[in-house]
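Examination of the molecular architecture
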Number of protein chains: 4
Amino acid sequence: MKKELAGNDHDSPLKKKLREVIFGTETPAGRWFDLALIVCIVLSVALVYIDTVASIHHQYGELIYLFEWLFTVIFTVEYGLRLYCSTNPLRYCFSFYGIVDLLSILPSYLALFFPGANMTLVIRVLRLFRIFRVLKLLRYLSEGNMLLRAMMQSSRKVFIFFFSVSLIIMVLSAVMYVIEGPENGFTSIPKSVYWTIVTITTVGYGDITPQTSLGQAIAAFTMLLGYSIIAIPTGILTAEIGQEIGRNRDLRRCANCLKKGHELNANYCDNCGSELEAPLSESTSK
Amino acid sequence: MKKELAGNDHDSPLKKKLREVIFGTETPAGRWFDLALIVCIVLSVALVYIDTVASIHHQYGELIYLFEWLFTVIFTVEYGLRLYCSTNPLRYCFSFYGIVDLLSILPSYLALFFPGANMTLVIRVLRLFRIFRVLKLLRYLSEGNMLLRAMMQSSRKVFIFFFSVSLIIMVLSAVMYVIEGPENGFTSIPKSVYWTIVTITTVGYGDITPQTSLGQAIAAFTMLLGYSIIAIPTGILTAEIGQEIGRNRDLRRCANCLKKGHELNANYCDNCGSELEAPLSESTSK
Amino acid sequence: MKKELAGNDHDSPLKKKLREVIFGTETPAGRWFDLALIVCIVLSVALVYIDTVASIHHQYGELIYLFEWLFTVIFTVEYGLRLYCSTNPLRYCFSFYGIVDLLSILPSYLALFFPGANMTLVIRVLRLFRIFRVLKLLRYLSEGNMLLRAMMQSSRKVFIFFFSVSLIIMVLSAVMYVIEGPENGFTSIPKSVYWTIVTITTVGYGDITPQTSLGQAIAAFTMLLGYSIIAIPTGILTAEIGQEIGRNRDLRRCANCLKKGHELNANYCDNCGSELEAPLSESTSK
Amino acid sequence: MKKELAGNDHDSPLKKKLREVIFGTETPAGRWFDLALIVCIVLSVALVYIDTVASIHHQYGELIYLFEWLFTVIFTVEYGLRLYCSTNPLRYCFSFYGIVDLLSILPSYLALFFPGANMTLVIRVLRLFRIFRVLKLLRYLSEGNMLLRAMMQSSRKVFIFFFSVSLIIMVLSAVMYVIEGPENGFTSIPKSVYWTIVTITTVGYGDITPQTSLGQAIAAFTMLLGYSIIAIPTGILTAEIGQEIGRNRDLRRCANCLKKGHELNANYCDNCGSELEAPLSESTSK
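Residues numbered from 1 in each chain as written. Chains lettered and ligands numbered in written order. Predicted model: local features only at pLDDT ≥ 70, side-chain atom pairs only at ≥ 80, totals over all residues. Heavy atoms only, no water.

As a further point, take the overall build of chain A. Secondary structure assignment for chain A yields twelve helices and zero strands. Each helix (α) and strand (β) of chain A, taken in turn from the N terminus, gives the series α-α-α-α-α-α-α-α-α-α-α-α. The buried share of chain A, taken over its 286 residues, is 46%. The long-range fraction of contacts in chain A, counting pairs at least 24 apart against all pairs at least 6 apart in sequence, stands at 53%. (Helix = DSSP H or I, 4+ residues; strand = E, 2+ residues; numbered from the N terminus. Buried < 20%, exposed > 50% of the residue type's maximum accessible area, 1.4 Å probe, protein only. Contact = heavy atoms within 4.5 Å.)

Now the structure itself:
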């Protein structure tokens, strides 16, 4: 990362400086730039959101439109600068964040070049794109965090869980469709699948409810099932997170082979068999 | 399994080859066969599902009917081949998967031999049988996996939990029936049981809701109860899964100092520094 | 228990035998008696339940009434026998199960002695009492089980949790009552408390829903809160159950001071300091 | 704390005595004072709550008004005494509990000085303030308890979780707004955010439900997502609580062989058999 920020030696000092501010987070200027950007993103997305409230749109529509363009200009400048001072503009352009950056400014220009009073739907979809700006905030989540690692490690087990749940949902949907039928709101199996998911996840809208006694009995079974099996992903993830926290043992490292992760009461390295130093202090167990 | 696939010595080479492809998963051909079968199952079930949507049925009914028969033929051929090349056809026939295989092709033939415009309900039920095809996918879940083992080991505790919850549900249902009565939707105790399950599992359809103050108080108590006791199966299962993960390590014991619980990738005992044997087989950690 | 079953020396042999069958569970006869009783309880409660379904009552009312009396007679005989052969009839009479036994037969006799076509409500309440029979099944749950112990040990923490949740519910209820007011269904604070509980436990009937923007914002906050804090009792209980399972160490007992519960890799008793025997076998860790 | 209760040497004995009773909890008088206060708080808040029920207000309004003033006088006297005998009245005045104490008596006086038949809303809000009395109960929760510590330590992870969930909610809301649109109840994105939260937390009021097939599919996805990710905060918190429980044992270390983790009621080291020091203070285990 350091190296990437340094770039080629023949880059102009301005380009180097800009790169430090825009891509880096280690200098005060870089941190201020990031903070300002987060504020802009949050405000611009908030604008798109409240603009959809009819009463606000009628009263403040003009003002919101103005601010929309202000943010579009800011993000355009940011996009341009990133392109300019990146050590590898093409790679940035087609990276996930490069595409998000582009998608977050494109709609305003598209709306400008293709106006039209009667293309409401298109404009609605264009506005949706602007909300991708919020995904830029993902950049500020430390990616290598423990949670993600725990989720990755339990992904195979979670997949098996969801596969089994899918089979259960499919069978229950078909059964309910046959029992309740179109006259009670179960107009088709896909609709019945929707009802089963609403029930098994304990959401329970109540827009479709079983009317027959047998249907209610199966619904009750579905609820109890959903209520119980929620324990499974929780159990998996909890066990994994517990393991991850245990990896604070990572701090004990063998001086010979450099392997980390020895338990606190171990005397010898379990990799090369050489003796370990005593644990440094109580604080390592925190 | 291996032995079973080998079968008798006097089987024809074709039969042996077929057996390897259809029942085995170790040869490339066997894996391709399985993959093709999964695709067929998913597509055939999807067809049955979307065919129940009225608008799709009217427009593409003919096409779907055609594909239905295509899949029926494919599954019939598969069933025949399995019968032919199984080392013990009778045992296959009455095994769980044998019955599922039969149930998944039977309805199409039944619908053919017993047509009739006015037997809507029967046809609806027949269609349900076709969905058993989805259960064939169960075959591809590794049965000996950790999740199942953890669930088995906690099954007694979970049974006690569900038994206690059932007692609570029965008492609360009767109480609510007396308090609210038929005029507020609690027309009978079985219906009241349905309401109690809807409430205690936090599904909350809202098709039956308490109207009296006392009823609402008891409903609030029921909700808080359901909200809390969900912790119990989760706790049980989490503890079991944690044990299962820990157990995989316990199998490795140092031959010198007898200390157990070495990690699966350790080479030396972390207590006395002597060399460890290699783990017996990787598959134990799966 | 053993001693209690034995009773006084001058009891008649019949009384002793009866006591073994009725109170004991160690002889085959005792187990058959228990099983028969469970079947009777389940059937009698099921009768009361389905009798409340109007259509069934009209068709099979007479038959159900007959069976009601059959079970009442059976339970009366059981109650009499228990009184007769108990070593301490008075203590049995006022014990929890003694009262449940009485409550489960009393209503039938009360309904007999105080008939009256116009006392529907009283009869409804009397019927409720009959359902207490189901509580007799509690007797068959091993009382000293692990789940209960884990719940007892976490009860103080769970109480603090519910106390905090109650404070949150009370404040949120008052806030919602002020914001939404009677015109949107929040007719009083107690009703608002009901709504808050419906929301925070994620039940969500939808019989009362916020209509104002501010109310919906606070409702959303309430939901997210309820969604998160459910993690707390789960976490407490899981940790306690994990500890309880760890108490399988209970099997290691000091030969000197008889203290149980030494860890599997301990060498000395942590109570009296004398040396411990080696753990018997791997199977103790299961 | 002890020192604070002692105060300056030149305080009058009465002041010292009062301070012990009002702020302290170690003397019997102090405990009785606390208990009486808790009863008063619960009763006074209960009064405000049931007074909002129209039928009760009409019948017992006068009586409730009387009691309201009784409690106001009691809390005023308490506030005065706390101010008088505090070692630092100003600090108390602006402390959290000082403000809560003031807020809980102020509304009654405000309602007295600013009467008016037509200021219903203001009176309603004033009544809300009275409910702050309930927050005084917070004082009786031991602040240094384990639960809070576990929550603090997992707060960073929980924050990352909620940040991620917020991003998901924002994107899903915008998508649903575009798909369903105002004609199906999704009148604006803020309303769509409300729906998404109702769905992802599995509350499911059913006041707004998707009507289009695509909307129902995304709703089903949202439910399954909410159903699964609830496992994450549970996993985090469970692991932390498990650590907290384990940590209470880690504080006890054998002076001879340095082995840590002895149980709090152990007398001898379970590794080398030498005597352990007594635990520093019981309070660490609370």
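Further remarks concern the relation of the copies chain D and chain A. For the pair chain D and chain A, the best superposition has an RMSD of 2.3 Å and corresponds to a rotation of 89° with a translation of 0.8 Å parallel to the axis. What the rotation and shift describe, once combined, is the action of a four-fold rotation axis. A distinct binding surface is used by each copy, with only 14% of the interface residues of chain D retained as interface residues in chain A. (Least-squares fit on C-alpha atoms with pLDDT ≥ 70 in both.)

Below, the discussion takes up the interface of chain D and chain A. Across the boundary between the two partners, chain D contributes 49 residues, which contact 43 residues of chain A. Both faces combined, the contact of chain D with chain A buries some 4,100 Å², and carbon together with sulfur accounts for 73% of it. Three residues, D:Val178, D:Met223 and D:Tyr227, lead the burial of chain D against chain A; their summed loss comes to 17% of the area buried on that side. Linking chain D to chain A there are zero salt bridges. (Buried area = accessible area lost by both parts, 1.4 Å probe. Salt bridge = Lys/Arg side-chain N within 4 Å of Asp/Glu carboxyl O.)

As a further point, take the confidence of the model for chain A. All names here are of chain A. Chain-level pLDDT for chain A is 78 on average; 77% of the residues reach the 70-or-more range. Mean pLDDT values for the elements of chain A range from 50 in helix α1 (residues 2–6) up to 93 in helix α10 (residues 189–200). Counting interchain partners and residues more than four positions distant, the pLDDT-below-50 stretch residues 280–286 has nine contacts. Across the predicted assembly, pTM comes out at 0.81 and ipTM at 0.78. (pLDDT = per-residue confidence, 0-100.)

Next up on the list: the packing of helix α4 (residues 54–85) of chain C against helix α6 (residues 96–113) of chain C. Residue and element names in this part refer to chain C. At a minimum axis distance of 10 Å, the contact between α4 and α6 shows a crossing angle of 135°. Classified by the angle between their axes, α4 and α6 sit oblique to one another. As α4 runs across α6, the sense of the crossing is left-handed. Between α4, through Glu68, Trp69, Thr72, Phe75, Thr76, Glu78, Tyr79 and Arg82, and α6, the contact on the second element is made entirely by Gly98, Asp101, Leu102, Ile105, Ser108, Tyr109 and Leu112. Among the residues forming the contact of α4 with α6, the class breakdown is seven nonpolar, four polar and four charged. (Axes fitted to C-alpha atoms, helices over the stretch in contact; angles between N-to-C directions. Parallel < 35°, antiparallel > 145°, perpendicular 65-115°, else oblique. Left-handed = near helix turned anticlockwise from the far one by under 90°. Nonpolar A, V, L, I, M, F, W, Y, C, P; charged D, E, K, R; others polar.)

Okay, the packing of aromatic side chains next. Under the defined criterion, the tally for this structure stands at 26 aromatic pairs over all chains. Residues B:Trp69 and B:Tyr109 carry aromatic rings whose centres are separated by 5.5 Å and whose planes lie at 75° to one another, so their mutual orientation is edge-to-face. Separated by 40 residues along the polypeptide, B:Trp69 in helix α4 (residues 54–85) and B:Tyr109 in helix α6 (residues 96–113) bring together distant segments of the chain. On the accessibility criterion, B:Tyr109 (24% relative accessible area) is partly exposed. An aromatic cluster of three or more residues is present, and its members are A:Phe67, A:Phe71 and A:Phe75. Looking at A:Lys15, its charged tip hangs above the ring of A:Tyr84, at a distance of 5.3 Å from the centre. (Phe/Tyr/Trp six-rings, centres within 6.5 Å; stacked < 30°, edge-to-face > 60°. Lys NZ or Arg CZ within 6 Å of the ring centre and 35° of its normal.)

Taken together, the side chains of A:Tyr60, A:Leu63, A:Phe67, A:Leu70 and A:Ile74 present a nonpolar region at the surface, about 440 Å² in accessible area. For A:Tyr60, the location among the structural elements is in helix α4 (residues 54–85). (Patch = residues over 30% accessible without salt bridge, like charges linked within 9 Å, V, L, I, M, F, W, Y side chains within 5 Å. Areas by Shrake-Rupley, 256 points an atom, 1.4 Å probe, with all protein chains shown as cover.)

Time to look at helix α3 (residues 28–51) of chain B. Along its 24 residues, α3(B) runs 35 Å from first to last C-alpha, staying within 8% of the 34 Å computed at 1.5 Å per residue. Every buried residue of α3(B) is listed here: B:Gly30, B:Asp34, B:Leu37, B:Cys40, B:Ile41, B:Ser44, B:Val45, B:Leu47, B:Val48, B:Tyr49 and B:Asp51. (Expected span 1.5 Å × (residues − 1).)

Residue and element names in this part refer to chain A. The sites that carry the UniProt feature "transmembrane region" (unreviewed entry) are, in the present numbering, residues 32–50, 62–81, 158–179 and 217–239. For residues 62–81, the end-to-end C-alpha separation is 29 Å, with 100% helix and 0% strand making up the annotated structure. Each end of residues 217–239 is marked by a C-alpha atom, and these two atoms are 34 Å apart; helix forms 96% of the span and strand 0%. (UniProt positions renumbered as here; feature names shortened; annotations may be inferred.)

The next thing to look at is the pattern of salt bridges. All names here are of chain A. Scanning all chains against the criterion turns up eight salt bridges over all chains. Where Arg82 meets Glu78, a salt bridge forms, and the shortest distance between an N and an O atom there is 2.6 Å. Of this pair, Arg82 and Glu78 both sit in helix α4, four residues apart, which is roughly one turn of the helix. Taken individually, Arg82 and Glu78 each receive the classification buried, so the pair is uniform in this respect. A single salt-bridge network, built from bridges that share partners, covers Glu78, Arg82 and Asp101.

Turning to its location among the elements, A:Met170 is positioned in helix α9 (residues 155–180). The exposure class assigned to A:Met170 is partly exposed, which follows from its relative accessible area of 23%. Aside from chain neighbours lying at most four places away, what touches A:Met170 is B:Val45, B:Tyr49, B:Ile131 and B:Val134.

To continue, consider helix α2 (residues 13–22) of chain C. All of the buried residues along α2(C) are C:Leu18, C:Arg19, C:Val21 and C:Ile22. The buried residues of α2(C) occupy an angular sector of 165° when projected down its axis, which confines them to one face. (Arc of directions from axis to C-beta.)

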